[in-house]
Amino acid sequence: MSRLHEWLEDGLLITDGAWGTQLQARGLAPGAAPDTWNLAHPERVEAVARAYVEAGSQVILTNTFRANAVAMEGGLEAINRAGVEISKRAAAGQSLVFASIGPTGKMLMAGEISHAQASAAFAAQAAALAMAGADALLVETMSDIEEARLAVAAARTTGLPVIVSFAFDSGKNKDRTMMGATPEAVAAAMVEAGADAVGANCGVGVEYVAPICRRLRAACGLPVWIKPNAGLPKMEGTAIRYDTSAEFFASHYAALREAGASFLGGCCGSTPDFIRALVTARCASS
Amino acid sequence: MPDLDKLPEAVIEGDWKVAAAVTQAAIAAGVTPLAIVTKYLVPAMDEVGRRFECEEYFVPEMLLSARAMKASMEIVRPLLVATGAEPVGRVVIGTVKGDLHDIGKNLVASMLEGGGFEVIDLGADVAPQRFIEAAATRHANLVALSALLTVTMPSMKTTIDAFETAGLREKVRIMVGGAPVTQQYAEAIGADGFGESATAAVALARKLVAA
């Protein structure tokens with residue numbers, strides 16, 4: 001049995017919520033790269049990770065979303081290593097640590113970067129994260145199948161389980177990625193790329209995600225990773241607020257489990273309260 | 001005489017080589033640069049926009065079309081400038097400070113160019129002061145701000161506030177866009193308009209310069 005299937009033996013695992021907005025609440029300036037705080041303010045990053053562990057996250061991520069050589073520069077190896085170390089300290093053996101790999105932010109098809117550049121950036125990040133002791137690698141918030149293929153290939157060379165998750169936020173039904181890919185196209189391509197699980201994260205909100213979850217599951221049979229936003233951001237005075245409450249978010253627990261989700265958590269705007277609400281929903285439904 | 005209908009076809013299909021070749025041939029045959037833009041390129045990009053709205057096209061198809069349109073514009077633009085034709089408007093565009101994502105911004109820039117605007121593209125991670133300097137020195141009447149991340153959206157407000165402080169807010173119309181941006185957010189930070197998509201951005205830009 002693969003490591004991923006062993007972890008899932010007792011059923012759905014609850015993951016974590018947003019990091020960026022939590023770090024901003026601890027003083028990260030808007031527009032500053034959260035990843036740099038792994039070196040500048042590791043204790044504040046650890047406080048976010050610990051808040052999720054204490055809320056009941058069985059899987060937490062790392063603050064390394066942007067730490068690839070295309071999206072950022074400078075000290076990436078140290079930032080990635082510190083990101084895993086911080087999350088592992090906070091997890092203290094209670095939670096698994098899946099290391100986050102985000103997109104490059106450049107478009108392969110427009111020739112903004114070459115395939116070789118993207119592959120090299122992903123390979124260096126994946127190696128640093130694996131070396132630091134991550135339990136699995138999570139390629140997340142992808143919109144381009146081609147870029148995700150390169151990231152998954154790079155991540156697989158570490159020998160760790162690889163999960164790949166896309167942002168479905170386009171089209172009338174919000175069931176396409178920005179590049180127009182459907183859940184079916186994503187699932188087929190990611191099975192071929194050798195991913196151990198596929199998923200949907202970010203996007204436009206929890207109420208859109210059950211059909212996508214079901215379609216991903218039906219199209220490939222792999223475990224499905226689900227981590228939607230807490231709705232879309234709204235402005236209140238000078239602060240950004242998300243309109244979804246923890247209770248509304250968690251009210252989708254049963255529907256998402258029924259739709260085949262194996263991992264469930266929140267993306268942008270979600271907080272440790274969302275995770276607590278998911279844990280409560282799971283207790284209530286079992 | 002080249003078959004000019006091949007030009008909008010090439011733009012819609014995203015074939016930049018054909019778009020450039022037909023444009024060259026048309027110029028050689030005496031078609032005016034202005035006619036190439038208004039009769040062939042603008043309607044073609046409108047059709048691309050329509051297909052995007054109907055979800056026949058997504059970002060990859062839009063990019064290919066924008067590239068084909070650009071290939072034609074690169075031939076036409078110097079000739080247009082030589083005739084003294086004024087652009088529809090001058091836009092300073094960029095992704096706001098702290099945000100390195102430029103996919104959406106590049107798409108909007110291409111579409112605006114196809115819509116007859118002169119586009120001054122400042123790239124990504126652009127500080128408020130750079131927007132202000134470019135708008136002032138290039139006599140822009142429009143400023144377009146992009147953000148992909150919720151965490152960088154506040155930089156849009158900072159930029160608009162900086163125009164206010166510099167006393168230049170009345171000189172330009174400011175439009176905002178990007179995945180997490182909403183109409184409500186645009187209003188809250190005092191922008192003049194919000195474009196839901198790249199095609200909506202072009203329509204909005206036309207409206208703002210006409211107002």
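Predicted model only: the values in this text are computed from it and were never measured.

Further remarks concern the overall build of chain A. Along chain A, the regular secondary structure elements total 12 helices and 10 strands. Counting only C-alpha atoms, chain A reaches 45 × 45 × 40 Å along its principal axes. Each of the 286 residues in chain A was classed as buried or not, and the buried ones make up 59%. Partitioning the contacts of chain A with sequence separation of at least 6, the portion at a separation of at least 24 is 77%.

So, about the sheet that holds strand 3 (residues 96-101) of chain A. Within a sheet, neighbouring strands are paired by backbone hydrogen bonds and run either parallel or antiparallel to one another. All names here are of chain A. What the 8 strands build is an open sheet, ordered 1-10-7-6-5-4-3-2; its pairing is parallel. On the outer flanks of this sheet lie strand 1 (13-14) and strand 2 (59-60), each paired with one strand and no other. For strand 6 (residues 197-202) and strand 7 (residues 224-228), the ladder comprises 5 bridges, and the chain directions are parallel. Following the sheet pairing, Asn 201 is matched in strand 7 by Lys 227.

Moving on: the pairing of strand 4 (residues 136-142) of chain A. Residue and element names in this part refer to chain A. The buried fraction of strand 4 amounts to 7 of the 7 residues, a majority that puts the element mostly inside the structure. Looking at chain direction, strand 3 and strand 4 are connected through 4 bridges and run parallel. Residue Ser 100 lies in a different strand from strand 4, and its bridge partner there is Leu 138. Taken together, strand 3, helix 6 (residues 115-131) and strand 4 constitute a β-α-β crossover, and its handedness is right-handed. Pairing between strand 4 and strand 5 (residues 162-166): 4 bridges, direction parallel. Pairing of Leu 137 across the sheet is with Val 162, part of strand 5. Between the parallel pair strand 4 and strand 5, the chain is carried across by helix 7 (residues 145-156), and the sense of this crossover is right-handed.

Let's shift gears to the interface of chain B and chain A. Listed per partner, the contact involves 25 residues of chain B and 25 residues of chain A. Looking at the side of chain B that touches chain A, the elements that each hand over two or more residues are helix 4 (59-82), helix 7 (154-165) and helix 8 (183-188) of chain B. Among the residues forming the side of chain B that touches chain A, the class breakdown is 14 nonpolar, 7 polar and 4 charged.

On to the environment of B:Gln184, then. Residues and elements named next belong to chain B. When you line up the elements, Gln 184 lands in helix 8. Looking at Gln 184, the number of C-beta atoms within 10 Å reads 12, which means it is exposed. On a C-alpha basis, the gap between Gln 184 and Phe 194 in space is 8.9 Å, while along the polypeptide they are 10 residues apart.

For the rest of this paragraph, the subject is the domain arrangement of chain B. Residue and element names in this part refer to chain B. As far as domains go, chain B holds domain 1 (6-82) and domain 2 (90-210). Using only C-alpha atoms to locate each centre, domain 1 and domain 2 end up separated by 24 Å. Contact residues are listed per partner, giving 14 residues for domain 1 and 10 residues for domain 2. When contributions to the side of domain 1 that touches domain 2 are tallied by element, the ones reaching two or more residues are helix 3 (33-53) and helix 4. Per-class residue counts for the side of domain 1 that touches domain 2 are 11 nonpolar, 1 polar and 2 charged.

Residues and elements named next belong to chain A. Here helix 6 is 17 residues long and its end C-alpha atoms lie 24 Å apart, about the 24 Å a rise of 1.5 Å per residue gives. Among the residues making up helix 6, those that are buried are Ala 118, Ala 121, Phe 122, Gln 125, Ala 126, Ala 128, Leu 129 and Ala 130. After helix 6 finishes, the residue Gly 133 shows a positive phi value of roughly 105°.

Let us look at the confidence of the model for chain B. Overall, the prediction assigns chain B a mean pLDDT of 91, with 100% of residues at 70 or greater. The complex prediction reports pTM at 0.86, with the ipTM value standing at 0.70.

This part takes up the sheet that holds strand 1 (residues 90-95) of chain B. All names here are of chain B. Pairing in this open sheet of 5 strands is parallel, and the strands run 2-1-3-4-5 from one edge to the other. The sheet is open, and its two borders are formed by strand 2 (118-121) and strand 5 (193-194), each paired with just one other strand. Looking at chain direction, strand 3 (residues 142-146) and strand 4 (residues 173-177) are connected through 5 bridges and run parallel. If you follow Ser 146 over to strand 4, its bridge partner there is Gly 177. Of the strands in this sheet, strand 1, strand 2 and strand 3 are in contact with helix 6 (residues 128-137), which crosses strand 1 at around 165°. Running over the sheet, helix 9 (residues 198-210) touches strand 1, strand 3, strand 4 and strand 5 and is turned about 165° from strand 4.

About the criteria used
Residues numbered from 1 in each chain as written. Chains lettered and ligands numbered in written order. Predicted model: local features only at pLDDT ≥ 70, side-chain atom pairs only at ≥ 80, totals over all residues. Helix = DSSP H or I, 4+ residues; strand = E, 2+ residues; numbered from the N terminus. Buried ≥ 20, exposed ≤ 12 C-beta atoms within 10 Å, placed from the backbone. Contact = placed C-beta atoms within 7 Å. Pairing = 2+ DSSP bridges. Right-handed = clockwise from strand over helix to strand, strands pointing away. Nonpolar A, V, L, I, M, F, W, Y, C, P; charged D, E, K, R; others polar. Domains from an automatic or database assignment. Expected span 1.5 Å × (residues − 1). pLDDT = per-residue confidence, 0-100. Axes fitted to C-alpha atoms, helices over the stretch in contact; angles between N-to-C directions.

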